[in-house]
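# Analysis of the macromolecular model
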Amino acid sequence: MKYEDYLEIGGTKLFSRLFIGTGKYASDALIPQIAESSGSQVITVALRRVDFESHTENVIKHIPKTMQLLPNTSGARTSDEAIRIARLAKAMGCGNWIKIEVISDNKYLLPDGYETVKATEILAREGFVVLPYINPDLMVAKQLQNAGAAAVMPLGAPIGSNRGLKTGEMIRILIDEIDIPIIVDAGIGKPSQACRAMEMGASACLVNTAIAGANDPVRMAGAFADAVRAGRSAFLAGPGASRKTASASSPLTGFLDFGDPR
Amino acid sequence: MSFYQSYLGYRDFPFAQYLDAITESQAAAALSKERLKEQDLLTLLSPQAEPFLEDMAQKAHRLTMNQFGSVIFLFTPMYLSNFCTNHCVYCGFNVRNKIGRRRLSFDEVEKEAAKIAETGLKHILILTGEAKKKAGIEYLQGCVKILKTYFTSIAIEIYPLETDEYGKLIASGVDSLTIFQETYNERLYETLHPKGPKRDYRFRIDAPERGCMAGMRSVNVGALLGLDNWRSEAFFTGLHAEYLQRKYPEVEISISLPRMRPQVGGFQPKFTVSDRNLVQIMTAFRLFLPRAGITVSTRESAVFRDSILPLGVTKMSAGSCTSVGGHTSKESGSSQFEISDERGVGEMATALASLGFQPVYKDWQPMEARGDESV
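Thresholds applied
- Residues numbered from 1 in each chain as written.
- Chains lettered and ligands numbered in written order.
- Predicted model: local features only at pLDDT ≥ 70, side-chain atom pairs only at ≥ 80, totals over all residues.
- Heavy atoms only, no water.
- Helix = DSSP H or I, 4+ residues; strand = E, 2+ residues; numbered from the N terminus.
- Rg over C-alpha atoms; globule rule 2.2 N^0.38 Å.
- Buried < 20%, exposed > 50% of the residue type's maximum accessible area, 1.4 Å probe, protein only.
- Areas by Shrake-Rupley, 256 points an atom, 1.4 Å probe, with all protein chains shown as cover.
- Lys, Arg positive; Asp, Glu negative; His and termini not counted.
- Charge placed at Lys NZ, Arg CZ, Asp CG, Glu CD.
- Contact = heavy atoms within 4.5 Å.
- Buried area = accessible area lost by both parts, 1.4 Å probe.
- Salt bridge = Lys/Arg side-chain N within 4 Å of Asp/Glu carboxyl O.
- Polar contact = N/O pair within 3.5 Å; in protein donor to acceptor, adjacent residues only side chain to side chain.
- 1 Å grid on protein atoms, 1.4 Å probe; cavity = no way out; pocket = protein on both sides within 12 Å on 5 of 7 lines; lining within 4 Å.
- Points joined across faces, edges and corners; volume = space filled by probe spheres on them.
- Nonpolar A, V, L, I, M, F, W, Y, C, P; charged D, E, K, R; others polar.
- Axes fitted to C-alpha atoms, helices over the stretch in contact; angles between N-to-C directions.
- Parallel < 35°, antiparallel > 145°, perpendicular 65-115°, else oblique.
- Left-handed = near helix turned anticlockwise from the far one by under 90°.
- Disulfide = S-S within 2.5 Å.
- Phe/Tyr/Trp six-rings, centres within 6.5 Å; stacked < 30°, edge-to-face > 60°.
- Lys NZ or Arg CZ within 6 Å of the ring centre and 35° of its normal.
- Pairing = 2+ DSSP bridges.
- Right-handed = clockwise from strand over helix to strand, strands pointing away.

Secondary structure summary: chain B contains 15 helices and 9 strands in total. Relative to the compact-globule value of 21 Å for 375 residues, chain B shows a C-alpha radius of gyration of 20 Å, a close match. Viewed in the frame of its principal axes, chain B has a C-alpha envelope of about 60 × 45 × 40 Å. Counting every position in chain B, which comprises 375 residues, the buried fraction comes to 61%. About 14,500 Å² of surface is accessible on chain B, with carbon and sulfur atoms providing 51% of the total. Treating the 44 positive side-chain charges of chain B as one cloud and the 44 negative ones as another, the clouds have centres 3 Å apart.

Turning our eyes to something else, we now look at unusual backbone geometry. Residues and elements named next belong to chain A. Its identity as a non-glycine residue notwithstanding, N162 has a phi of 55°, on the positive side. Turning to its location among the elements, N162 is positioned in the loop between β8 (153-154) and α5 (168-177). Here A186, not a glycine, exhibits a phi torsion of approximately 85°, which is positive. Note on A186: relative accessible area 11%, which makes it buried.

Next up on the list: the interface of chain A and chain B. Counting residues at the interface gives 31 residues for chain A and 39 residues for chain B. Of the roughly 3,000 Å² buried between chain A and chain B, counting both surfaces, carbon and sulfur atoms make up 43%. Taken together, chain A and chain B are joined by 6 salt bridges. Ionic pairing is found between R49(A) and D363(B), a salt bridge with its closest N-O pair at 3.0 Å. If you look at where chain A meets chain B, you find 21 residue pairs in polar contact (both at pLDDT 80 or more). Considering each element in turn, the side of chain A that touches chain B owes the most residues, 5 residues, to helix α2 (residues 79-91) of chain A.

This part is about empty space enclosed by the protein. Empty space among the atoms becomes apparent when a probe as large as a water molecule is rolled across them. All names here are of chain B. The final tally for this structure, using the stated rule, is 2 cavities of 30 Å³ or more. Put simply, the largest cavity is a space of about 40 Å³. If you go around the largest cavity, the residues you meet are G222, A223, L225, A234, T237, I255, S256, L257, I281 and F285. Listing elements by their share of the lining of the largest cavity, those giving two or more residues are α12 (230-247), β6 (252-256) and α13 (275-288). Broken down by class, the residue content of the lining of the largest cavity amounts to 7 nonpolar, 3 polar and no charged. In the lining of the second largest cavity, the residues fall into 4 nonpolar, 2 polar and 1 charged.

On to the side chain of E233(B). All names here are of chain B. On the secondary structure map, E233 appears in helix α12. The side chain of E233 sits in the buried core without any salt bridge; K270 is the nearest counter-charge, 10 Å away. In this structure the side chain of E233 is engaged in a polar contact, spanning 2.8 Å, whose partner is the backbone nitrogen of Y184. If we ignore the near neighbours within four places in the chain, the residues touching E233 are E182, T183, Y184, N185, A223, L225 and D228.

To continue, consider the packing of helix α11 (residues 207-214) of chain B against α12(B). Residue and element names in this part refer to chain B. Look at α11 against α12: their axes get within 11 Å of each other, and the N-to-C directions meet at 20°. Between α11 and α12, the crossing angle belongs to the class labelled roughly parallel. Along this stretch, α11 crosses α12, giving a crossing that reads as right-handed. Mapping the contact onto sequence places P208, E209 and C212 in α11 and H240, Y243, L244 and K247 in α12.

Moving on: the state of the cysteines. The tally for this structure, following the rule as stated, stands at 0 disulfides over all chains. No disulfide involves C88(B); its nearest neighbouring cysteine sulfur is the one of C91(B), lying 5.7 Å away.

One pass over the structure, following the stated rule, counts 19 aromatic pairs over all chains. Looking at R210(B), its charged tip hangs above the ring of F203(B), at a distance of 3.8 Å from the centre.

One number sums up the size of the second largest pocket: a volume of about 860 Å³. As for the second largest pocket, its lining consists of 27 residues, and the residues nearest its centre are Y108(A), E34(B), R35(B), L63(B) and P290(B). Sorting the residues of the lining of the second largest pocket by element identifies α5 (53-68), α12 and α13 of chain B as the ones contributing at least two each. Here the lining of the second largest pocket gets 5 residues from one element, more than from any other, and that element is α5(B). Of the residues that constitute the lining of the second largest pocket, the class distribution is 10 nonpolar, 5 polar and 12 charged.

Walk down a regular strand and you will see the side chains alternate between the two sheet faces. Residues and elements named next belong to chain B. Counting buried residues along strand β3 (residues 153-157), 5 of its 5 residues qualify, which places the element largely inside the surrounding structure. Side chains S153, A155 and E157 of β3 all project onto a buried face; the interleaved residues I154 and I156 project onto the opposite face, where all are buried too. Bridge count between strand β2 (residues 123-128) and β3: 5 bridges; the pairing is parallel. By the bridge assignment, H123 is partnered in β3 with S153. You can see the chain leave β2, run along helix α7 (residues 137-147) and come back into β3, and the turn it takes is right-handed. Judged from the 2 bridges that link them, β3 and strand β4 (residues 176-178) form a sheet pairing that is parallel. In the strand pairing of β4, A155 is matched with S176.

Following this line, the structure appears as structure tokens:
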């Protein structure tokens, strides 16, 4: 019998392992089409950009109601700011999922692990489903796990860089050592890179820039969906071991196959 | 250590000679680098980089798309007061110019705010001349208190303040600071500012840093292009932005490229900056500082603004008016300079959308929910 493969976060079963974003699009009106072609069930949105008072220019109005909203704390420079943004998001009706982004470096947009752990501790205690964005640092990830994070979101490369899995080895360590889902966020520039992350055993990928920046974002969203699905299937299938060289035709242990010479 | 020390390192630098000696192959090399150094910025600002302008533009476009996407943040300026004690020879608000002087009352601020808010804009930039007796910290705090109920981000473009004064305005609700050095050429600066508090070059050059120290979320620097040779002015502007970005990574640093516009006093800029030159400056900035914001005001024409959108621009003013009370009244005070792009916010948004860019009205949210400081 074929078993059901899903990712469970905060009590929600997710059958799509591709998370998408809302920033960087030429028009928010593209979002429903991106949502459809990606098949994604989770979408992140920067609270700083949501205009709750506007009836026309509110990004949330473009997001299909069936999708899980993942508000993020973009713009927070400290744990305190991230906590305030998270509470504001909840108060504004954006639900209790929160992607913690604490960034006090505007040059590379690299996250602050220490402040992220502090914010996670408090928000998880308050009942938020916390998905923190981090550098793939094992100790930080362990602390986040202990603090009650629902998943950790390590970066593959700096946000918007489209450089792929530059931190692949570190992400692999998180996958091996951390019990909560590992969702690769930031840096993925091509579907093949998302596929590789999934083959490695990542639980999901979040892709924004690579879709928004494509000539045909709707089509690219579909390509990412296919890649993530393929990578996941490959992981589940368990690929055979790869070798760096061809197998020798006269193996040194061949004599063992001829039975006991005695 | 302040940026002034970095400036001193180049104050007597033989720019003309150095720029002359740059070769086209150096320009090509600077263009292909992933991380640019100071010298590379200067190289890209040289005449020898001009043949590579299209390549610079392509790279600037790619970097901007990756970093910021197809979005343009919109804001509008609101002039609160044009009283001024300065003698800046190039400015319409010069104390010696016989112009109508005005300062908005709080009632008028409210009316202007309500009128601007109708456009949907959530970010506002407030401006004053330098006259602390007319538009001091307390007056500004009063204005900010009103504006907070209409806008989610308030920026100031006023005379330079002390760190604690910036702190007071931040506590009131200001989050961003724009202050232009006008010219980085210290000797020229003295002749352009013959009298008045603005004569203090060092106090002004360190103002953006004081804003960072006080906790501004974003700080915008620039030189008034036309006062001196644009190649060195742009170079210093880039260095200034890089200095701030490196020292205060938590602050969003951005750059403006204001070209001189006609104004009441009739000052003629000594150096012209052509459209081609401006594109070179903008793309060189983008290559040097991929993460910095680039602001373009309505000093530039609608056609030109539309054309440079893909080259690195991140922020634009719209529906601008450079006179006090100009958003609500035709009988407002005299303007600081003439604007060129007169499109309203809605018109601007439509134009952006047709060019494949999303106009963004809101990109910041004060963290206290209104009326509930505990949230």
